[in-house]
Amino acid sequence: MKKEKFHSLSVKLLVWALVFIIPIIGLFWIGISVVMRSFEKQLVLTNQQILKPYISEMEVTLDTIHSYVANKEIPTEILALLDSDSEFVRMEALQNLSQYYSEDMFTYPKIDAMFLKTGEKFRFIRNVNSDYAQQCKAAECVEKFVQEIKKEENPFQKGYQKFEAGGKPYLWLALQSEGVLWGCWIRAEVFLEKIDNQKIDGLQGIFLRDHEGIWVDPIGEEEKSFVVEQHSTDEAFEMVALLNRAVVFRSFEKLRKILLGLICFSILILIAYLGYLSVHLMKPLKNLSVQMNRIKKGDFQECLIPEKMDGELREVYETMNSMTAEIVHLKIDVYEEKLREQEAKMQLLQSQIKPHFFLNSLNTILGFAQSKDYEMVQKMTLCLSRHFRYILYRDNVISVEEELEHIKNYLEIQRIKKQTDFQYEICVEEELYDEEIPILSLQTLVENSLKHSLNDAVKIRISGRMERSEDGESLILCVDDNGKGFAEDVMEKLNKGQQVTSDQKDGGIGLYNVCQRLVILYHGRAKLRFANRKEGGAHVEMLFPREERKR
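Residues numbered from 1 in each chain as written. Predicted model: local features only at pLDDT ≥ 70, side-chain atom pairs only at ≥ 80, totals over all residues. Heavy atoms only, no water.

### A closer look at the overall build of the protein chain
At step 1: A count of helices and strands for the protein chain gives 16 helices and 15 strands.
At step 2: Here the protein chain holds 551 residues, and the buried ones make up 39% of them.
At step 3: In the protein chain, of all internal contacts separated by at least 6 residues, the share reaching a separation of at least 24 is 63%.
At step 4: For the protein chain, the accessible area works out to roughly 33500 Å², and carbon and sulfur atoms hold 54% of it. (Helix = DSSP H or I, 4+ residues; strand = E, 2+ residues; numbered from the N terminus. Buried < 20%, exposed > 50% of the residue type's maximum accessible area, 1.4 Å probe, protein only. Contact = heavy atoms within 4.5 Å. Areas by Shrake-Rupley, 256 points an atom, 1.4 Å probe, with all protein chains shown as cover.)

Given below as structure tokens:
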């Protein structure tokens, strides 16, 4: 049932429609994906070029501050006054120290604060433009780092070190000289302020990220964002920009929606197309199938044709009605003739394929193979292939020459199987070779001669001649053997065209089938005569009308 549904026209039309639509949709989708990936790559490169000047500027600023710290003289005189017993002197010294570094912070505005450690005292001078509370948090972290530096260490060699305070990333730089440890810290976000003011399409945020994990990486909270990274020259940190994916790819989202609309529209078109086919093609075809089944069952009533039916289908219906009318006027004897021909073909097939002959031949080949007589294996296989090629791939009517060649091959098979040197003789003039006879006409007679031979010294003679009579010219083929001949009752039934039952061992169903085939194919004009020879053995004659036999 499933197989019939798969082979139905409606299923095939649906499958072919999908075969055309699905690849087109797939190509559209793949094309959008490829363009989107290319756009992503281009977007990354473009935004990296935008970030590159800023990270370069940051590196230049850090180098400048690094040089400043390295070359700046420590105000030892002012620091000495900080330890004075006079409070007024200490206050004035602090004011001078603050002024000393505040002027530098005006020159280097990116510095968030300067710090000094003399002895156990830690002081910092802040940039007034920064948040004081946040500066205090940073100062606590820097003081902790500074307390861990030993007197013999020179932290300046390590360069900038990173820390985080209050969730903000910082860089600090320290120099130890003349018993004083001093330096500065820089709030890293000041380098991002200019970028925040840039009109970067879809920019959600921008931050600095280090590879040691000291600075908090907020990327995990922005999984739906498009990430662009630009590394520093020494790759100590990188600048990361988060872009709103929905904003950046809004044009592609529109394209996706358009594609989805096209898909829905294509499905609607497909449904409408299938609906149209169902009404104008499938329904009339199903009705046609019903009408054909009705005719098959013997109801030859004319089929009514709908008025709005398409021209091609109307022509099919009219042709069917015309054929139905032709069938009605046929005579019953035509049906009977067809049935008789079918019966003849069935008898021919039954006579062609004999399982015991085939199995015995295979057993013979097996025996030769087991005895390693490969020459006989080859010979027997070749003969057997010729035999089956002849009976399976030939027409119902063949030439006398082809039938004789087949008989020679058949006798050779029997000689190999029985391992006996029986004799046969073919006395048919070459002028008769082109005459046509039904296939396997002689084989049944030769089989019968071999079957009923008295001993291994079998002698078979096949002859042929042309004979003229009042009814016209006829071809006569004879088969003689030296066997035991026919029993009288069997011979009488065969000559009368009667069937010999299978329980009569001396007779044969095969001979009766040959008689019936000749009656059907030659309309009673062909004859098969059976007799016994005086010297012993059977004599069978087959008479084929030359001019009136059926082709």
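### Regarding the sheet that holds strand β4 (residues 168-177)
Strand-to-strand pairing in sheets goes through backbone hydrogen bonds, with the strands running parallel or antiparallel.
At step 1: If you trace the 5 strands from one edge of the open sheet to the other, you get β2-β1-β5-β4-β3, paired in antiparallel fashion. Edge positions in the sheet fall to β2 (121-126) and β3 (161-165), since each of these pairs with one other strand and no more. If you compare each strand with its neighbour and ignore which way they point, the axes differ by 25 degrees on average.
At step 2: Bridging between β3 and β4 involves 5 bridges; their strand directions are antiparallel. Paired with Glu164 across the bridge in β4 is Pro169.
At step 3: Along the sheet, helix α4 (residues 87-107) makes contact with β1 (113-118), β2 and β5 (180-187), crossing β2 at roughly 50 degrees. (Pairing = 2+ DSSP bridges. Axes fitted to C-alpha atoms, helices over the stretch in contact; angles between N-to-C directions.)

### With respect to the nonpolar core
At step 1: Val69, Met114, Trp182 and Met239 are the most contacted members of the largest nonpolar core, which totals 53 residues.
At step 2: Formed by 50 residues, the second largest nonpolar core is a distinct cluster that contains Ile398, Val479, Leu518 and Leu528. (Core = buried A, V, L, I, M, F, W, Y, C linked by side-chain atoms within 4.5 Å.)

### Some details on the side chain of Asn127
At step 1: You can see Asn127 is positioned in the loop between β2 and α5 (132-147).
At step 2: Asn127 gets classed as buried once you look at its relative accessible area, which sits at 7%.
At step 3: Contact partners of Asn127, with chain neighbours within four places excluded, come to Met105, Pro109, Ile111, Asp112, Ala113 and Gln135.

### Observations concerning the sheet that holds strand β15 (residues 538-545)
At step 1: The mixed open sheet is built from 5 strands, whose spatial order is β10-β12-β13-β15-β14. A strand with exactly one partner marks an edge of an open sheet, and here the two such strands are β10 (423-427) and β14 (527-532). Across this sheet, the average inter-strand angle for adjacent strands is 20 degrees, counted without regard to direction.
At step 2: Both β10 and strand β12 (residues 459-469) contribute to a ladder of 5 bridges, which runs parallel. Looking at β12, one finds that Gln423 is bridged to Lys459.
At step 3: The sheet contacts of helix α13 (residues 400-418) involve β10, β12 and β13 (472-481), and relative to β10 the element is tilted by about 175 degrees.

### Quick notes on unusual backbone geometry
At step 1: A positive phi angle, near 60 degrees, is found at Lys372, a position not held by glycine.
At step 2: Mapped onto the fold, Lys372 is located in the loop between α11 (355-370) and α12 (374-393).
At step 3: For Leu440, which is not a glycine, the phi torsion comes out positive at approximately 65 degrees.
At step 4: Of note, Leu440 is situated in the loop between β11 (436-438) and α14 (443-451).

### Looking at the confidence of the model for the protein chain
At step 1: Averaged over the protein chain, the pLDDT score is 79; the fraction of residues at 70 or greater is 86%.
At step 2: Note that residues 502-507 has pLDDT below 50 and, in this model, 11 contacts with residues that lie over four places away or in other chains. (pLDDT = per-residue confidence, 0-100.)

### Digging into the pattern of salt bridges
At step 1: This model, assessed by the stated rule, comprises 17 salt bridges.
At step 2: Arg187 is the salt-bridge partner of Glu189, the closest N and O atoms lying 3.8 Å from each other.
At step 3: Judged by its relative accessible area of 26%, Glu189 falls in the partly exposed class.
At step 4: Here Glu229 ties to Arg209 by a salt bridge, and the two come within 2.4 Å at their closest N and O atoms. Here Glu229, found in strand β7 (residues 225-231), pairs with Arg209, found in strand β6 (residues 203-210); they are 20 residues apart in sequence, far enough to count as distant.
At step 5: Residue Glu229 is classed as partly exposed on the basis of its relative accessible area of 29%.
At step 6: Several salt bridges share partner residues, and in doing so they unite Glu435, Arg468, Glu473 and Arg546 into one network. (Salt bridge = Lys/Arg side-chain N within 4 Å of Asp/Glu carboxyl O.)

### A short note on the packing of aromatic side chains
At step 1: Across all of its chains, the model carries 14 aromatic pairs by this definition.
At step 2: Ring centres of Tyr68 and Trp182 lie 6.3 Å apart, and the angle between their planes is 90 degrees; on these two criteria the pair is classed as edge-to-face. Of this pair, Tyr68 sits in helix α2 (residues 9-71) while Trp182 is found in strand β5, placing the two residues 114 residues apart along the sequence.
At step 3: You can call Tyr68 buried: its relative accessible area is 7%. (Phe/Tyr/Trp six-rings, centres within 6.5 Å; stacked < 30°, edge-to-face > 60°.)

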